[in-house]
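# A structural walkthrough
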Amino acid sequence: MSSPDSPVVEAKAVSKKFADRVAVDGLDLQVSPRLCFGLLGPNGAGKTTTLRMIYGVTRPTSGMVRVFGMDVGRNLRAVRSRLGVTLQQNALIEALSPRANLLVFGRYHLLRQPELSRRAEELIDFFELRSHADLPVRQLSGGFQRRLAIALSLMNQPELLVLDEPTTGLDPAVRLALWSRIRELRAGGTTVLITTHYMDEAQRLCDRVAIISAGKVIREGAPENLIAATLAPETVEFDCSSGEEASLLDGFGSMRHVRVGRRLMLYLDDSTSLIEHIRRRDQGDRRPIVVRPTNLEDVFLSLTGTGLEGNS
Ligand SMILES: Nc1ncnc2c1ncn2[C@@H]1O[C@H](COP(=O)(O)OP(=O)(O)OP(=O)(O)O)[C@@H](O)[C@H]1O
Ligand SMILES: [Mg+2]
């Protein structure tokens, strides 16, 4: 039996190999109850494969995945009845309307009237789908289809909500509404496991994040702690060609920095002397310099690289 504080998700030394490719490579993960936990990582890092193993649509090649203290492979139905999932690819019945999709999905979870319709109507309102509730799903825009996919994952009032890039393609108002819904669910005791490529979203929403690279967790912690443990607190950002970098930064070159194209970001405890130094080098020509607090995106870039080569 699992106690109220035992991990909701526990993965130990989990690997998933496809023919010639290792998607997940000895991954360890523990998600405690009532947290919003973020899985972050570059394209191809293994996030979706990890979520698919937690949901039980993909079997691990080796290692153990337990959800609610149960082995997922052996307790699929019991795990799924307590779990809601929105995968990266929407799983919608395109010929049916949003309302019909919600009802079909609710019946799959053995909901009966009037509760079935009550939950469907509540989710139609929450995701502002009412004006589209009776159109075939295939006529809906991508953002509306995404709203419906997320609504479906909430039909069974899950204890664990798994969301794979839920906010990709959502307009800003719906994204903010979803964040507030996720916070409400978490306050009500739901555990949320989410992937996102938006680091501002992860920083604002998640209690803890794990950064995954090439199928392994490379860092884990509360966003603020991860930032403080990885980089200095101030970031200085400006444009500078790689040819110009060595002479411009003379004396500051050993500092932790990240380059994305022409953009250079340096991490320091105090930016004053660096800015004075650049102003002296530039003489009359004042290049725009941004000074800001170091954030989770900086940590992500410094740990996972910045190129387009990724892991895929
Ligand atoms: N069914 C499959 N067959 C073969 N290779 C696969 C399969 N599914 C995933 N992969 C590979 O496994 C690796 C991890 O993929 P995954 O979809 O888990 O990454 P991800 O972190 O979710 O990436 P993204 O941010 O792009 O969604 C990739 O190299 C991918 O090509
Ligand atoms: Mg993915």
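Residues numbered from 1 in each chain as written. Chains lettered and ligands numbered in written order. Predicted model: local features only at pLDDT ≥ 70, side-chain atom pairs only at ≥ 80, totals over all residues. Heavy atoms only, no water.

## What to know about the pairing of strand S8 (residues 191–195)
The following threshold applies: Exposed residues in this analysis have more than 50% of their type's maximum accessible area, buried residues have under 20%, and partly exposed residues fall in between, with area computed by a 1.4 Å probe over protein chains only. Helix and strand assignments come from DSSP, with helices taken as H or I runs of at least 4 residues and strands as E runs of at least 2, each series counted from the N terminus. Strands were regarded as paired on the criterion that DSSP finds at least two bridges between them. For a crossover, the right-handed case is the one in which the path from the first strand over the helix to the second runs clockwise, viewed with the strands pointing away from the viewer.
Of all 5 residues in S8, 5 are buried, a share of seventy percent or more. Where burial is concerned, the two faces of S8 agree: the one with Thr191, Leu193 and Thr195 and the one with Val192 and Ile194 are both buried. When strand S3 (residues 36–40) meets S8, the two strands line up parallel, connected through 4 bridges. By the bridge assignment for S8, Cys36 is matched with Val192. Bridging between strand S7 (residues 160–164) and S8 involves 5 bridges; their strand directions are parallel. Paired with Asp164 across the two strands is Thr195, which belongs to S8. Each parallel crossover has a hand, and the one from S7 via helix H6 (residues 172–187) to S8 is right-handed.

## Describing the packing of aromatic side chains
For clarity, the threshold we go by: Aromatic contacts are taken between Phe, Tyr and Trp rings whose centres are within 6.5 Å, Trp giving its six-membered ring; a plane angle under 30 degrees counts as stacked, one over 60 as edge-to-face, and the others as tilted.
As enumerated under the stated definition, the model contains 2 aromatic pairs in all. With a centroid separation of 4.8 Å and an interplanar angle of 85 degrees, the aromatic rings of Phe126 and Phe127 are classed as edge-to-face. Under the relative-accessibility criterion, Phe126 is labelled partly exposed at 23%.

## Section: the environment of Val79
The topology assignment puts Val79 in helix H2 (residues 76–81). On the accessibility criterion, Val79 (0% relative accessible area) is buried. For the pair Val79 and Ser62, spaced 17 residues apart in the sequence, the C-alpha separation amounts to 20 Å.

## Quick look at the domain arrangement of the protein chain
How we decide: An automatic or database domain assignment is the source of the domain bounds shown.
What the domain assignment reports for the protein chain is domain 1 (9–227) and domain 2 (232–293). Between the C-alpha centres of domain 1 and domain 2 there is a distance of 40 Å.

## Some details on the sheet that holds strand S11 (residues 234–239)
Note the following rule: As a rule, the C-alpha atoms of each element are fitted with a line to give its axis, helices using only the stretch in contact, and angles between N-to-C directions run from 0 to 180 degrees. What makes two residues a contact is simply this: any of their non-hydrogen atoms within 4.5 Å.
Taken in spatial order, the 4 strands make up an open sheet running S12-S13-S11-S14, and their pairing is antiparallel. Each having just a single partner strand, strand S12 (257–260) and strand S14 (290–293) make up the two edges of the open sheet. In this sheet, adjacent strand axes meet at a mean angle of 20 degrees when their direction is disregarded. Of the pairings in the sheet, the one linking S11 to S14 comprises 4 bridges and is antiparallel in character. The partner of Thr235 across the bridge, within S14, is Arg292. Across the sheet, helix H10 (residues 272–282) is in contact with S11, strand S13 (263–268) and S14; its angle to S11 comes to roughly 15 degrees. In the packing of helix H11 (residues 296–304) onto the sheet, contacts are made with S11, S12, S13 and S14, and the angle to S12 comes to roughly 85 degrees.

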